[in-house]
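# Tertiary structure, described
Given next are the chains, with one letter for each unit.
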Amino acid sequence: MQTIYTPCRYDFVGSFLRPAKLKEARALFKEGKISQEELNAITDDAVRDVVAKQKAVGFHVITDGEFRRAYWHLDFMWGFEGVAHKAGGGVEFHGEVAELDDTWLVGKIKAKTHPFVEYFRFLKQFEDDETVAKYTIPAPAQMYQQFIIPQNLKTTRQIYTTDDELIADIATAYQEVIGQFYTAGCRNLQFDDCTWGAVVGDAAKQRYKALGLDLESVKQQLLKVNNLALDGKPADMVINSHICRGNYHSTFFTSGSYDSVADYVFAQEHVDALYLEYDDERSGSFAPLAKISPDKKVVLGLITTKTPELEDKDAVIARIHEAAKYVPLERLYLSPQCGFASCEIGNKLTEEEQWAKLALVKEIAELVWSH
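The following refers to the structure shown. These figures come from a predicted structure and were not determined experimentally. (Residues numbered from 1 in each chain as written. Predicted model: local features only at pLDDT ≥ 70, side-chain atom pairs only at ≥ 80, totals over all residues. Heavy atoms only, no water.)

### Points about the pairing of strand 9 (residues 238-243)
Strand 9 sits mainly inside the fold: six of its six residues count as buried. Where burial is concerned, the two faces of strand 9 agree: the one with Val238, Asn240 and His242 and the one with Ile239, Ser241 and Ile243 are both buried. As paired elements, strand 8 (residues 188-193) and strand 9 share six bridges and run parallel to each other. In the sheet register, Asn188 faces strand 9, and the bridge partner there is Val238. (Buried < 20%, exposed > 50% of the residue type's maximum accessible area, 1.4 Å probe, protein only. Helix = DSSP H or I, 4+ residues; strand = E, 2+ residues; numbered from the N terminus. Pairing = 2+ DSSP bridges.)

What follows is the structure, encoded as structure tokens:
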């Protein structure tokens, strides 16, 4: 079977709204009312169903909807040695606090057999001649940032005296887990990365200044850890990255254009494609796309997952052609700006509205690229 490589001309980021039965099962499991085996069986059924729906709407990529995790990023980090977590904590989003588990270091970061690899194996069985399984994991930079945030820095410094030591161990651990995915048959892996979105805009400048950190040095560290993790990547494995400004219950974390990070992530990050958030004015203009290195593809996230209203087709098509002034049309692709449920809570739209959004993405892409 010939491998399909992402991005596809019409694509999506990866997460889907959790069906009510799965949400109920996870709640019952937390309360100790059903066993892990019962939860697994319900989750397996939910994954089968969401894969069938992805195929029915006509997409060539399939994911498990991220149904086996509570958070788009933290659950993955829990799969390494040296990482602990407990309920509690949260992050301030625009008008809402995102409830997140506290996650911190208790030892050196080392790879072990990662549970997500087994999750991928379950998904891979549903590949066919028309579809390929993609798996999403947080970017190495996301893991790095998690352990140097102010509330974690003290415990991290007890284990790693320098940032470079931490970066080196994260990169090595990621290389090993990427190898595990490859052995399991994964040829399409996606980093999800909010770190670049968190360092854009005036608010980020003020936040990092208050922390006494040089923002340009921070960007260099983000680029370093991501690129080190990609060292030795198999030649026939595609690893793309999705850059986000936060997506929790239809709210956001930051605003700002890509101008201040384009020289780093657009020009120098060693990924094959970038999925970019461009669904509203918070993302700024397409001008920074001029910095995209010629080896990268660009997936324009022009359809929002935050609201149920369907975008105007002609307006989206016009924006694609506007972006094509900076990156050739043949290197452009279309998707929603983010997933539909980065965390279990999901965004504020229905499952029916979710699938209507994807149908619109496909319809527009076929109009633009079929001529």
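### Details of the pattern of salt bridges
A full pass over the atoms with the stated rule returns 19 salt bridges. The residue Lys291 makes a salt bridge to Asp263 at a minimum N-O spacing of 2.8 Å. Of this pair, Lys291 sits in the loop between strand 10 (273-277) and strand 11 (297-303) while Asp263 is found in helix 11 (residues 262-268), placing the two residues 28 residues apart along the sequence. A network of salt bridges, in which partner residues are shared, links Asp49, Lys53 and Glu351. (Salt bridge = Lys/Arg side-chain N within 4 Å of Asp/Glu carboxyl O.)

### Considerations on unusual backbone geometry
At the junction of Thr6 and Pro7, the peptide bond is cis and its omega measures out at 0° in the coordinates. Relative to the helices and strands, Pro7 resides in the segment before helix 1 (20-30). Look at Glu66: it is not a glycine, yet its phi comes out positive at around 60°. Considering the arrangement of structural elements, one finds Glu66 in the loop between strand 1 (61-62) and helix 3 (74-77).

### Side note on the nonpolar core
Judged by nonpolar contacts, the single largest core of 111 residues is most densely connected at Phe80, Ile109, Phe181, Phe266, Leu289 and Leu300. Looking at this core element by element, the count peaks at nine residues for helix 7 (residues 163-183). (Core = buried A, V, L, I, M, F, W, Y, C linked by side-chain atoms within 4.5 Å.)

### Some remarks on the environment of Glu130
Here Glu130 lies in the loop between helix 4 (115-124) and strand 6 (132-133). The sequence separation of Glu130 and Ile292 amounts to 162 residues, and the corresponding C-alpha distance is 29 Å. With residues near it in sequence (within four places) discarded, Glu130 still touches Ile4 and His60. (Contact = heavy atoms within 4.5 Å.)

### Digging into empty space enclosed by the protein
Applying the stated criterion across every chain yields a total of one cavity of 30 Å³ or more. What the largest cavity holds in volume is close to 50 Å³. Every residue lining the largest cavity is listed: Leu17, Pro19, Ala46, Asp49, Val50, Lys53, Phe67, Glu351, Gln354 and Trp355. Mapped onto the lining of the largest cavity, the elements with two or more residues apiece are helix 2 (36-56) and helix 13 (351-369). Sort the elements by how many residues they give to the lining of the largest cavity and helix 2 lands first, with four residues. Its residues assigned to classes, the lining of the largest cavity comprises six nonpolar, one polar and three charged. (1 Å grid on protein atoms, 1.4 Å probe; cavity = no way out; pocket = protein on both sides within 12 Å on 5 of 7 lines; lining within 4 Å. Points joined across faces, edges and corners; volume = space filled by probe spheres on them. Nonpolar A, V, L, I, M, F, W, Y, C, P; charged D, E, K, R; others polar.)

### Details of the packing of aromatic side chains
Taken as a whole, this structure holds 21 aromatic pairs when the rule is applied. Plain terms: the ring middles of Phe12 and Phe16 are 5.2 Å apart, the flat faces sit at 70° to each other, and that makes the pair edge-to-face. Judged by centre distance (5.4 Å) and plane angle (40°), the rings of Phe116 and Tyr119 are tilted. In this pair, Phe116 and Tyr119 are both assigned in helix 4, three residues apart and thus about one turn of the helix distant. (Phe/Tyr/Trp six-rings, centres within 6.5 Å; stacked < 30°, edge-to-face > 60°.)

### Here we look at the side chain of Asp44
With respect to the helices, strands and loops of the structure, Asp44 is situated in helix 2. Of the polar contacts made by the side chain of Asp44, one reaches the side chain of Arg68; its length is 2.8 Å. Once residues within four sequence positions are removed from consideration, Asp44 is found in contact with Arg68 and Phe122. (Polar contact = N/O pair within 3.5 Å; in protein donor to acceptor, adjacent residues only side chain to side chain.)

### Focus on the sheet that holds strand 10
The six strands are arranged 7-8-9-10-11-12 in an open sheet whose pairing can be described as parallel. Looking at the sheet topology across the chains shown, the edges are occupied by strand 7 (135-138) and strand 12 (332-336). Each neighbouring strand pair of the sheet contributes to a mean axis angle of 25°, computed without reference to strand direction. (Axes fitted to C-alpha atoms, helices over the stretch in contact; angles between N-to-C directions.)

### Considering the environment of Asp101
As for its placement among the helices and strands, Asp101 is situated in the loop between strand 4 (96-99) and strand 5 (102-110). For Asp101, a relative accessible area of 15% translates into the label buried. For the pair formed by Asp101 and Val327, sequence separation is 226 residues and the distance between their alpha carbons is 39 Å. Look past the residues within four positions of Asp101 in its chain and what remains in contact with it is Tyr71, Leu74, Trp78, His85, Lys86, Ala87 and Gly88.

### Description of the state of the cysteines
What the rule picks out here adds up to zero disulfides. Sulfur of Cys244: no disulfide; nearest cysteine sulfur belongs to Cys338 and is 3.7 Å away. (Disulfide = S-S within 2.5 Å.)

### Quick word on the packing of helix 5 (residues 140-148) against helix 7
In contact at an axis separation of 10 Å, helix 5 and helix 7 are set at 140° when each is read in the N-to-C sense. By the angle class used here, helix 5 and helix 7 are oblique. The handedness of the crossing between helix 5 and helix 7 comes out as right-handed. Along the contact surface, helix 5 presents Pro140, Met143, Tyr144, Phe147 and Ile148, while helix 7 presents Asp163, Leu166, Ile167, Ile170 and Tyr174. Tallied by class, the residues present in the contact of helix 5 with helix 7 amount to nine nonpolar, no polar and one charged. (Parallel < 35°, antiparallel > 145°, perpendicular 65-115°, else oblique. Left-handed = near helix turned anticlockwise from the far one by under 90°.)

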